[in-house]
Amino acid sequence: MRLERIRPTVLRMVLHAHELATLMTAVRYVAKTRPAEVPESARQELRSLLRDYDQQLHHLDTSGQRDDPNRSRAG
């Protein structure tokens, strides 16, 4: 994972797909299981994050992103 500060409150994160999947799995778990120690306001923020993530993921799936030219399509 790599973090870069773009502006004081804006960061750019570069991470592997498995790292992102791990983070989003944890977010889904907390948002869905509603642990008592997590305030409702935090769970609402997590649900909003999940909505944005799911929309962006769908956009990636449907936008015809170009594959890495060095990667085999069979693969």
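Whatever comes next refers back to the structure up there.
Residues numbered from 1 in each chain as written. Predicted model: local features only at pLDDT ≥ 70, side-chain atom pairs only at ≥ 80, totals over all residues. Heavy atoms only, no water.

Observations concerning the environment of arginine 2
Working step 1: Here arginine 2 lies in strand 1 (residues 2-7).
Working step 2: Taking C-alpha positions, arginine 2 is 5.7 Å from methionine 13, a pair spaced 11 residues apart along the chain.
Working step 3: The contacts of arginine 2, once residues within four sequence positions are left out, are Arg12, Met13 and Val14. (Helix = DSSP H or I, 4+ residues; strand = E, 2+ residues; numbered from the N terminus. Contact = heavy atoms within 4.5 Å.)

Thoughts on the packing of helix 1 (residues 17-33) against helix 2 (residues 40-62)
Working step 1: Where helix 1 contacts helix 2, the two axes come as close as 9 Å, and the packing angle between them is 135°. As judged from the angle between their axes, helix 1 and helix 2 are oblique. As helix 1 runs across helix 2, the sense of the crossing is left-handed. Side by side, helix 1 and helix 2 meet where Leu20, Met24, Val27, Arg28, Val30 and Ala31 of the first sit next to Arg43, Leu46, Arg47, Leu49, Leu50, Tyr53 and Asp54 of the second. (Axes fitted to C-alpha atoms, helices over the stretch in contact; angles between N-to-C directions. Parallel < 35°, antiparallel > 145°, perpendicular 65-115°, else oblique. Left-handed = near helix turned anticlockwise from the far one by under 90°.)

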